[in-house]
Structure formats: C-alpha cells, structure tokens
Amino acid sequence: MHRPAAWVRVALTGVCLVVVATQALADPDLPRIRWNDNDRPAGTLLDGVLTLRLELVRGEWRYVGDGRPGVEVLAFREVGRDPENPGPLIRVPLGTEIRVTVANPLDVDLVVHGLAARRVADMDSLIVPAGQERETRFISDVEGTYYYWGTTTRSRLVFEQPD
C-alpha cells in the first residue's frame, strides 16, 4: 500500500529481549505477546503532538505458532493494551512532536534506542532506571522508518587504542 510522502513511520524492528537463557517454557500466567501487523498507530495525536505511554513487560512469545509452547521474553506494549511484536507502531505526519513515556518495572536498567530525531549530531538513548519511568520528546524530522528497541544488559563494548 502506498503511503503519502509526508508520513513518517516509527516501528519496532521485531526485536524482543530473551530473558530466559535456557529452553525453559514460559510461565502460563504471563500475557501472550501478540503479533503486530502495524495496522493501528499507537498513542494519541492531537494538535500536532503524539502522546504515547509504553511499558516493558514480560510475556509469552509463541514464535513458532499458537499451537506450540512459548518462551518468556520482554516486549513493549502501549499502556492498557497487550504486548506486541513488533512493538507499538508510531505513525505520524512529518514534523510532529512525539512525546513518549517509557515505564520499566524490571529490577535492572533499561536503555531504549531509536526514540529520537534523525537530523542530530548524536542520537541519544533513553535510560530508564529500574522501577521508574522516563519521557523523551523529539520531532519527526525525516521521512522513513524509524526503529526503536530496548536493551537490559549491563555489559559494554570498550574500544581501546592498539599498543
């Protein structure tokens, strides 16, 4: 389907963070992560401002199909809705101010990448401390697909000068 050139699509790439390192099955009480066909924009668009509340939740991802066992992963959801993969779609007209609040109920910090304008010298990440929430604001300044994703790892890549 052809979209008008003045629209910007911001969408999660489909990355879920696997939190179960073994092949253990997901807890049956976890919410099921539903497939997102990206046919419904998330948030509320009013007077040129999109407001969206996201939260990271543990869920059951049945990546092989509904009839197969699922695994426990982390996924984003719009507050009050089911978790989705890819995450909630942010679709706005070019030039829209985007205000996203991200809640992190985990006991480790969450780093969210990609929720930022593109025409900047350095694209900053949103760090959401354990058990807290943070807001980011930016303008959709370039047409195209924006990806956002989160990481919870405490490790870092360190680049050193060769001897």
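Keep in mind that what you see is a predicted model, and the values were worked out from it rather than measured.

Now for the packing of aromatic side chains. Counted under the stated rule, the structure contains two aromatic pairs. Aromatic side chains W35 and W61 sit 6.4 Å apart centroid to centroid with 35° between the ring planes, which places their arrangement in the tilted category. With W35 in strand β3 (residues 34-35) and W61 in strand β5 (residues 49-61), this residue pair connects regions lying 26 residues apart in the sequence. On the basis of relative accessible area, W61 is assigned to the buried category, the value being 15%.

This part takes up the pairing of strand β10 (residues 110-113). With three bridges connecting them, β10 and strand β11 (residues 126-128) associate as antiparallel partners. The residue of β11 that forms the bridge with V111 is I127. Taken together, the three bridges between β10 and strand β14 (residues 149-151) define a ladder with antiparallel strand orientation. Residue pairing in the sheet places V111 in a bridge with T151 of β14.

Moving on: the pairing of β5. In terms of burial, β5 is a largely internal element, 10 of the 13 residues being buried. Summarising the sheet, strand β4 (residues 44-46) and β5 pair through three bridges and their orientation is antiparallel. Bridged to L46 within β5 is V49. Following β4, the chain reverses through two residues before pairing antiparallel with β5; D47 in that reversal takes a positive phi of roughly 55°. As judged from the five bridges shared by β5 and strand β9 (residues 97-103), these two strands associate in the parallel manner. When the bridges of β9 are listed, V49 appears paired with E97. Of the strand pairs in this sheet, β5 and strand β6 (residues 71-78) are connected by eight bridges, and their pairing is antiparallel. Across the sheet, V57 pairs through a bridge with A75, a residue of β6.

Quick notes on the rules
- Residues numbered from 1 in each chain as written.
- Predicted model: local features only at pLDDT ≥ 70, side-chain atom pairs only at ≥ 80, totals over all residues.
- Heavy atoms only, no water.
- Phe/Tyr/Trp six-rings, centres within 6.5 Å; stacked < 30°, edge-to-face > 60°.
- Helix = DSSP H or I, 4+ residues; strand = E, 2+ residues; numbered from the N terminus.
- Buried < 20%, exposed > 50% of the residue type's maximum accessible area, 1.4 Å probe, protein only.
- Pairing = 2+ DSSP bridges.

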